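This is what each chain is made of:
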Amino acid sequence: MADSSDLALEYGPPLPDVAQYHRISRALKTDAEGRMLRVAVLSSCTMGFLEPFLRVELRRLGVPAELFFGGFGEIESLVLDPASALHRYQPDLVVVALRPEDMFPDLVARIGSEDGHEFAGALTSVIDRVRGLLQSIAAQARWTTLVANFAVPEPAAFGLGDASVHGSRSALVAQANHQLHATVCETPGAFVWDYAGLVRAQGSDRWRDDRLWFLGRIPVAGTHHPAMAQHLARTIRAAMYPMAKVLVLDLDNTLWGGVLGDDGIHGIKMGDDYPGNVFKALQRQVLALRDRGVLLAISSKNDEALVREAFAVHPDLLLRWSDFAAHQVGWGPKSTGIAAMAHALGFGLDAVVFLDDNPVERAEVRQHVPAVKVIEFEAWGSLHRALAACPWFDQLATSAEDRQRATLYANERQRQTLATTHQSVDDYLASLEMTAVVATTTPVERARVAQLIGKTNQFNLTLRRYPEATLAGWIDDSPDHRIAHMRLADRFGDHGIIAAAVLTRAAKRAVIDVFVMSCRVMNRQAELAFLAFLVELARDWGCDELTGEFVSGPRNQIVEDWYRSVGFAPLDASEAGVARWHLPLSESTLAWPAVIARNGQWS
């Protein structure tokens, strides 16, 4: 398959050749192997035209996918009927696109009353329809769902004056999108696909080709099919997979203009005038990523003392040395430094994104640490635009833990400094003054627990990933499932929710279906405290045995023998890559660790 292995399948701007999408899509269908993400698209208009474009754009993001397109107007019949083709397909994710202009063409085209209440009523009815669909999905299948928001219909009823008129289409659509967002947020595992933003970015006046619309109810001009597919593919990936965790930045001619060693601290270009404002724009964008929980790191061939001084004294640098969670400043290969920083931060290389102006450095990193995502940008314009176009930091929800991540890692450096002042591990752990709260999970913590299960790779015993919608169903109405979590704090700050588990019950046996913990708190006995809580839950269930299994993956070998280390005995029913363990509860002597104070109770 020549096409699917060439550079066309590396992420970048939409491919210029539409025929290439069709060739690569056919090849991908023929050579499909392994687990495929199952995506269904339901709409009030024809959307099947997206199939080859969406398949290719998902693959360019590293997401092999199968696709299902329902006929326009068949949405309820497919969702509500458990015997429908949609349910037989068993999708992982469903896209729902309801356009008011498809359902109420007369109201959209005409002016109506002065306050536009007829059109507002039509929008409300569409939102009510969405709410009903989401409730049905949550009750029956609990798929992850993306709901398209509303673009302003074109042409505007009031023409150029539409934005100035009371009851105008643009004003009413803006209000409806706020209502739609609130409706979608009510449903676990449901997110908004910003279709309106896509149309606005591409240009609404040329978004539609009348020939395609009148002949086949295709709402999008052919020139926009690749961009639409890429936008939807990025949204799908953000809904199903965690974002990258670390942005590694070069300094010279990347974070600032010029070469520090040659130009000196006050000779580098950084300020409010060109060209310094180009680099200042990038720094603002980098700080915005840090606010969302992305950790920053430096990889620069430079003199570290001079770099530290520049961050300390240059008046126009928005970033400071302390904003970076890791630093590799020296003269060695950047690939080696990046690998070392990823290891120190506790992330795999696939969680790292690298931005450097030098194509030679980018090539070196690509060659020696190919899992790192390297941003290419010559064809995309300026550095800050390249970073904005990067899909690896896309996310559809941000938790409190995300926003605090940079602070958490800064606190961790203080803990590591403290560790060097104690002669024994027990003394060090006691000096941390740790406090834990363990509890069964409620809707308040559900999103963070789902995020932790979805993104944890190292301390992850079974590698099972459950979307928030599935966890919501178990929390609400499954007597044989219990979701549990643990919060941890110490003298340096609050770690937030750092561990999560899913327990299932089969007769008198409790099974640890999921056990994950943040690598930031490994080796502090938090895992023992959380396991002690799971033993309590199993006993409360009336069980006399607790079982678990280890499923081998590329990054969880550090916990391969964990069950043995905490007193579980091996079971004979193991297979390649899977080891099963059990703990008779009558024989368990597992106790809550003395170095962690327990505050709160399970329910």
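Residues numbered from 1 in each chain as written. Predicted model: local features only at pLDDT ≥ 70, side-chain atom pairs only at ≥ 80, totals over all residues. Heavy atoms only, no water.

Before going further, it helps to spend a moment on the sheet that holds strand 10 (residues 373-374). Reading across the sheet, the 5 strands line up as 8-7-6-9-10 and stay open at both edges, with parallel pairing between neighbours. The strands lining the two open edges of the sheet, one partner per strand, are strand 8 (326-329) and strand 10. Bridge analysis of strand 6 (residues 246-249) against strand 9 (residues 352-355) gives 4 bridges, and the strand direction is parallel. By the bridge assignment for strand 9, V248 is matched with F354. The strands touched by helix 15 (residues 334-345) are strand 6, strand 7 (295-300), strand 8 and strand 9; relative to strand 7, the strand with the most contacts, the crossing angle is about 155°. (Pairing = 2+ DSSP bridges. Helix = DSSP H or I, 4+ residues; strand = E, 2+ residues; numbered from the N terminus. Contact = heavy atoms within 4.5 Å. Axes fitted to C-alpha atoms, helices over the stretch in contact; angles between N-to-C directions.)

Okay, the packing of helix 7 (residues 117-140) against helix 8 (residues 169-185) next. Between helix 7 and helix 8, whose axes approach to 10 Å, the crossing angle comes to 20°. Judged by the angle between their axes, helix 7 and helix 8 are roughly parallel. Judged by the sense of rotation from one axis to the other, the crossing of helix 7 with helix 8 is right-handed. Here F119, A120, L123, T124, I127, V130, R131 and L134 of helix 7 lie close against helix 8, whose contacting residues are R169, L172, V173, A176, Q179, L180, T183 and V184. Split into classes, the residues belonging to the contact of helix 7 with helix 8 amount to 11 nonpolar, 3 polar and 2 charged. (Parallel < 35°, antiparallel > 145°, perpendicular 65-115°, else oblique. Left-handed = near helix turned anticlockwise from the far one by under 90°. Nonpolar A, V, L, I, M, F, W, Y, C, P; charged D, E, K, R; others polar.)

This part takes up the pattern of salt bridges. Under the criterion given, the structure shown has 33 salt bridges. A salt bridge links D210 to R208, with the shortest nitrogen-to-oxygen separation between them at 3.1 Å. For R208, a relative accessible area of 33% translates into the label partly exposed. When the shortest N-O distance is used, the salt bridge between R598 and E536 registers 2.7 Å. Of this pair, R598 sits in strand 19 (residues 596-598) while E536 is found in helix 23 (residues 526-540), placing the two residues 62 residues apart along the sequence. Here the residues in one salt-bridge network are E10, R362, R366 and E376, joined through shared partners. (Salt bridge = Lys/Arg side-chain N within 4 Å of Asp/Glu carboxyl O. Buried < 20%, exposed > 50% of the residue type's maximum accessible area, 1.4 Å probe, protein only.)

Averaged over every residue, the pLDDT of the protein is 88; residues scoring 70 or more account for 90%. Summarising per-element confidence for the protein, the mean pLDDT is lowest in helix 19 (residues 405-419) (61) and highest in strand 6 (97). pLDDT under 50 marks residues 1-5. Its contacts with residues more than four places away, or in other chains, come to 9 contacts. (pLDDT = per-residue confidence, 0-100.)

For the pair helix 2 (residues 51-60) and helix 11 (residues 225-240), the least separation of the axes is 8 Å and the interaxial angle reads 50°. Of the possible angle classes, the one that applies to helix 2 and helix 11 is oblique. Both helix 2 and helix 11 take part in a crossing whose hand is right-handed. Contacts from F53, L54, E57, L58 and R60 of helix 2 reach helix 11 at H225, P226, A229, Q230, L232, A233 and I236.

What follows deals with the nonpolar core. Membership of the largest hydrophobic core comes to 80 residues, with the highest contact counts inside it found for W193, Y195, M228, L247 and F311. Top element by residues in this core is helix 11. It accounts for 6 residues. Residues contacting L247, with those up to four places away along its chain left out, are V286, L289, V294, L295, L296, A297, V353, L355, L387 and F393. In terms of nonpolar packing, the next biggest core, distinct from the first, is built from 44 residues, L503, A510, L531 and W581 among them. (Core = buried A, V, L, I, M, F, W, Y, C linked by side-chain atoms within 4.5 Å.)

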